[in-house]
Amino acid sequence: MKKLMGAVLVAAAGVLGVTAAQAQGSGGVLAQVKSKGALTCGVGPGLAGFGMPDAQGNWSGLDVDLCRAIASAIFNDPSKVKFIPLSSKDRFTALQSGEVDLLSRNTTWTMSRDTSLGLNFAGVNYYDGQGFMVRKKLGVESAMKLEGASVCTQQGTTTELNLADFFRTNKMKYEVVAFATNDETVKAYESGRCDAFTTDASGLYAERLKLSVPTDHIVLPEIISKEPLGPVVRHGDDLWLDVVKWTYNAMLNAEELGITKANVDEMLKSENPEIKRLVGTEGKFGEAIGLTNDWAYRVIKHVGNYGESFERNVGMGSLLKIARGQNALWTKGGLQYAPPIR
């Protein structure tokens, strides 16, 4: 009986070994992206600072920069990205079906999404939290004064549950007014169909810019949830997960080491071992993830470090003018911390 069981286990191991080898042989998403000659990236349909096209169809934003950084790491060309705008409702289906290679679309990392949808989050590129926006004339300066308010929100997001939790916890009554798309939600709020609009705080600052008179509206100080936003890939392809994860980590490490778009060429001469490993003049870290050893140099050269991306898209150098806050590096009191390249 023991011999029979041993034979079964050996056979099973052989089958698993062949399956794994076949999967590795297929190359997975990275090989497919290289074959296509471009990365297909799922982004938001239009959120200022994170993902939005201009009149000529040129995309920009913090999430867009990550897509361009990955394209730079693979192709040494940030333009080799096809952007697919996705609604909140359709984003996970598009990733699961293979319509997109990567979802980089202000998406909250939650347990259910990470465990039951067949997806992996590759990191947190923006630490956010849900808030409220109201008209100044309402005379409300705190979310704790929203008793009996009607609140506009979008369906199919984490905001509905957070909203219910907040009012239930604080024993306040409210009326939810939900819409299928973000544009519908914002239009309903501006037209007066509700007293308040709720979404991630970053989104509130972005959407306020679209209102006819942005200064007539204020974002209330309370943050009612944790919303760690980050890029998402499908389960089952560790190499592709590594490419996405380490591209983002490279941008963080570059900021911490003081490497920028402007000085990255000079940094190739550095004798600092951490910098040498990052820019590829020492070690073979790129080969470990199926890329060239100068993969991180390419990312920094074309896109810049995390701080540069944050500043131009959502920071003080942008229209949103959001302070770094929790998104500052860990060395400056924030939460952004990347594992070392060694």
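Going by the structure above, here's the rest.
These notes cover the structure that comes with them. No experiment lies behind these values; they were computed from the predicted model shown.

**Topic: the sheet that holds strand β10 (residues 174–179)**
(1) Moving on: Read from one edge of the open sheet, 5 strands run β10-β9-β11-β8-β12, paired in mixed fashion. This sheet does not close on itself; its edge strands, each paired only once, are β10 and β12 (217–219). Averaged over all pairs of adjacent strands, the angle between their axes in this sheet comes to 30°, without regard to strand direction.
(2) Moving on: Both strand β8 (residues 130–135) and strand β11 (residues 196–200) contribute to a ladder of 5 bridges, which runs antiparallel. Within β11, the residue paired with G131 across the bridge is T199.
(3) Moving on: Strand contacts of helix α7 (residues 182–190): β8, β9 (149–154), β10, β11 and β12, with the helix running at about 155° to β9, the strand carrying the most contacts.
(4) Moving on: Sitting on the sheet, helix α8 (residues 201–208) touches β8, β11 and β12, and the angle it makes with β11 is about 125°.

**Some words on the side chain of S72**
(1) Moving on: Along the chain, the position of S72 falls in helix α3 (residues 62–75).
(2) Moving on: If near-sequence neighbours (up to four positions away) are discounted, S72 is found in contact with D77, P78, R298, V299, H302 and V303.

**Considering the environment of C41**
(1) Moving on: For C41, the location among the structural elements is in strand β1 (residues 39–43).
(2) Moving on: Sequence-wise, C41 and K82 are 41 residues apart; in three dimensions their C-alpha atoms are separated by 6.1 Å.

**Structural notes on the pattern of salt bridges**
(1) Moving on: All told, the structure shown has 9 salt bridges when counted by the stated rule.
(2) Moving on: Here D165 and R168 are joined by a salt bridge, their closest N and O atoms 3.4 Å apart. You can see D165 and its partner R168 sitting in helix α6 (residues 159–169), 3 residues apart, about one turn around the helix.
(3) Moving on: For D165, a relative accessible area of 27% gives the class partly exposed.
(4) Moving on: Residue R324 pairs with E255 through a salt bridge whose shortest N-O separation is 3.0 Å. With R324 in the segment after α13 (306–313) and E255 in helix α9 (residues 238–257), this residue pair connects regions lying 69 residues apart in the sequence.

Basis of the calculations
- Each residue is numbered by its place in its chain's sequence as written, counting from 1.
- It should be noted that, the model being predicted, local features are given only for residues of pLDDT at least 70 and side-chain atom pairs only at 80 or more, the latter also being counted only at that level, while totals for whole chains, interfaces and linings use all residues.
- The side-chain quantities take in all heavy atoms of the structure and omit both hydrogens and water.
- Here a strand pair is declared whenever DSSP counts at least two bridges between the two strands.
- A run of H or I in DSSP becomes a helix once it reaches four residues, and a run of E becomes a strand once it reaches two; helices and strands are each numbered from the N terminus.
- Comment: axis = line fitted to C-alpha atoms, over the contacting stretch for helices; angle = value between 0 and 180 degrees taken between N-to-C directions.
- In what follows, a contact means two residues having at least one pair of non-hydrogen atoms within 4.5 Å.
- Each reported salt bridge corresponds to a side-chain nitrogen of Lys or Arg within 4 Å of a carboxyl oxygen of Asp or Glu.
- Any residue under 20% of the maximum accessible area for its type is buried, any over 50% is exposed, and the rest in between are partly exposed; the area is computed with a 1.4 Å probe on protein chains only.

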